[in-house]
Amino acid sequence: MFRLLGLATDVLFVRGAAAPAGLPRMQLVVSFVVAAVAAVAVRSGVGALPISELAGEDTEAELAAAVATTRRLLAWVGIVAGLSALGVAFALVAAGLYPRLPPVARSLFAWFGASTALRWLCVVLTVASIGTFLGVRLLRSAASERFRPDFLPVASLSVGGLLVGAVWMAHPTVARRAIGAASSDTGRRLLRNLFETLGTFAVVLGVVCIGLAVAVLPLLALSIAGGLRLLGETTGAQLAAAGTLTAAIAAAIADLSILFVIGGVAASLLVWDLGEFAATLGRELGRQGSTRRGELVHAGGAVLLAAAASVVAVGTVRAVDSVPPTATTSAVAATVTAVAGTLLLFVLAR
């Protein structure tokens, strides 16, 4: 970033070679571009100022016309400067027109391309105009009746401040424990170099922020999908059921007890069933309808059915363990049939 900033500063403010026999094409193109940007920025700044609004009734129309004329003139200056940059870049040099110009025109072009003071003036005008535009817009928003102080991200700033404070107090301990937990000398040396180069506070806070960003990515994706209206009214229940099923699959991969696996699968089906039923009932009866009794009855029946299905599935798996090893194919077929039948029974019994 600093190298790019230094390069931009060199291009903007380093005086070019203004030899009478040649044209400093790069410096001249940059000068025209900077002048065009300054003209557009000043036009925006002048348009944001409440000049005619603060004037009297007698001069309001005249000032409004003067402001409109000034902004139109600045727009033409920006257009001409932009086209001049293209003309200098291609026509004057590529077509060999520069040597044919009068000496006064060549000297003027050379001065305009090599003048650092002129570029400084354009940059100052650009920064001042952008600041004026933003400042006036901010004042208008603050003075507007639609301004809501509760729009300020007080909660976000407070939580972020607490997070930064917690990391500031804990980063030395975290760094020591991270170095101590390294499994090799290479890892410890790498962590020490990283902490010495960037600082323990920056590294720990960066890890925390990256973890939070990764955790927020699914929520951001859901928010974008909701804004594009790609989500249905039962998407929440479906996502919760999918998460519960994923936990059950993770339990199976981790070789936990069969109770956790079957219980997770049954819980995912239960969440999906209750969410679908609540959405359907609410859509049919409307917001004013009384749905509590129906939901409680359905929830009780679903819980009993899920418990029964879990018992059947666990019993089937336990029974398979007693089957002799010679009947492996039959055992697998029986297990798949029992589990599929249990799930199908649960779905059809809704």
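Residues numbered from 1 in each chain as written. Predicted model: local features only at pLDDT ≥ 70, side-chain atom pairs only at ≥ 80, totals over all residues. Heavy atoms only, no water.

> Got a minute to help me understand the overall build of the protein chain in this structure?
Scanning the protein chain for helices and strands turns up 13 helices and zero strands. Start at the N end of the protein chain and walk to the C end: the helices and strands fall as α-α-α-α-α-α-α-α-α-α-α-α-α. When burial is assessed residue by residue, the protein chain has 23% of its 350 residues classed as buried. Within the protein chain, counting contacts between residues at least 6 apart in sequence, those at least 24 apart form 69% of the total. (Helix = DSSP H or I, 4+ residues; strand = E, 2+ residues; numbered from the N terminus. Buried < 20%, exposed > 50% of the residue type's maximum accessible area, 1.4 Å probe, protein only. Contact = heavy atoms within 4.5 Å.)

> It is not clear to me how helix 6 (residues 116-143) should be interpreted in this structure. Could you clarify?
Compared with the 40 Å implied by 1.5 Å per residue over 28 residues, the 40 Å span of helix 6 between its first and last C-alpha is a close match. Within helix 6 the residues assigned to the buried category are Thr116, Arg119, Cys122, Thr126, Ser129 and Val136. (Expected span 1.5 Å × (residues − 1).)

> Even after reading the chapter, I still don't get the confidence of the model for the protein chain, so can you show me in this structure?
For any part of a model where pLDDT is low, the fine detail of the predicted coordinates should not be relied upon. With 76% of its residues at a pLDDT of 70 or more, the protein chain shows a mean pLDDT of 77. Taken as a whole, residues 15-23 scores under 50 in pLDDT and shows 15 contacts with residues more than four places along the chain or in a different chain. (pLDDT = per-residue confidence, 0-100.)

> What am I meant to see in the packing of aromatic side chains here?
Each aromatic ring pair is summarised here by two numbers: the centre-to-centre distance and the angle between the ring planes. Applying the stated criterion across every chain, the model contains one aromatic pair. Summarising the aromatic geometry, the rings of tryptophan 168 and phenylalanine 201 are spaced 5.1 Å apart at their centres and angled 75 degrees between planes, so their arrangement reads as edge-to-face. Taken together, the residues span a long stretch of sequence, with tryptophan 168 in helix 7 (residues 154-180) and phenylalanine 201 in helix 9 (residues 200-227) at a distance of 33 residues. (Phe/Tyr/Trp six-rings, centres within 6.5 Å; stacked < 30°, edge-to-face > 60°.)

> Looking at this structure, I do not really get a nonpolar patch on the surface. What am I missing?
A grouping of Ile210, Val214, Val216, Leu217, Leu219, Leu220, Leu222, Ile224, Leu228, Leu230, Leu231 and Leu239 is seen on the molecular surface, where their side chains present a nonpolar patch of about 1100 Å² in accessible area. Of all the elements, helix 9 adds the most residues to the nonpolar patch, at eight residues. Relative to the helices and strands, leucine 219 resides in helix 9. With relative accessibility at 56%, the residue leucine 219 sits in the exposed group. (Patch = residues over 30% accessible without salt bridge, like charges linked within 9 Å, V, L, I, M, F, W, Y side chains within 5 Å. Areas by Shrake-Rupley, 256 points an atom, 1.4 Å probe, with all protein chains shown as cover. Salt bridge = Lys/Arg side-chain N within 4 Å of Asp/Glu carboxyl O.)

> What exactly am I supposed to notice about the nonpolar core here?
Across soluble globular proteins, nonpolar side chains have a tendency to be buried as a group. Counting 13 residues, the largest nonpolar core has Leu28, Phe32, Ala81, Val88 and Cys122 as its most contacted members. Looking at this core, the elements with two or more residues in it are helix 2 (25-48) and helix 4 (60-94). (Core = buried A, V, L, I, M, F, W, Y, C linked by side-chain atoms within 4.5 Å.)

> Looking at this structure, how should I read helix 9?
At 3.6 residues per turn, the α-helix brings residues three or four places apart onto the same side. When the terminal C-alpha atoms of helix 9 are compared, their 39 Å separation across 28 residues agrees well with the 40 Å that a helix rising 1.5 Å per residue should span. Maximal helix bending in helix 9 amounts to about 35 degrees, located at leucine 217; proline proline 218 follows within four positions. All of the buried residues along helix 9 are Val203, Val204, Leu205 and Ala225. Buried positions along helix 9 lie against helix 7 and helix 8 (185-198). (Bend = angle between axes of the 7 residues up to and from the residue.)

> Help me understand the pattern of salt bridges, please; the structure alone is not making it clear to me.
Oppositely charged side chains can pair when the atoms bearing their charge come close. Tallying each qualifying case throughout the model produces one salt bridge. Of the charged contacts in the structure, one is a salt bridge between arginine 188 and aspartate 185, with a shortest N-O distance of 2.4 Å. With arginine 188 and aspartate 185 both in helix 8 and three residues apart, the pair spans about one turn of that helix. Classification of arginine 188 by relative accessible area gives partly exposed; the value is 23%. What makes aspartate 185 exposed here is its relative accessible area of 51%.

> Which parts of the structure should I look at to understand the side chain of histidine 171?
Counting through the fold element by element, histidine 171 comes out in helix 7. Given a relative accessible area of 11%, histidine 171 falls into the buried group. In this structure the side chain of histidine 171 is engaged in a polar contact, spanning 2.6 Å, whose partner is the side chain of threonine 200. (Polar contact = N/O pair within 3.5 Å; in protein donor to acceptor, adjacent residues only side chain to side chain.)

> Any chance you could explain the environment of valine 203 here in plain terms?
Of note, valine 203 is situated in helix 9. Looking at valine 203, the relative accessible area reads 13%, which means it is buried. Separated by 12 residues in the primary sequence, valine 203 and leucine 191 have C-alpha atoms spaced 9.9 Å apart. Beyond its immediate chain neighbours, meaning those up to four positions away, valine 203 contacts Leu194, Phe195 and Leu198.

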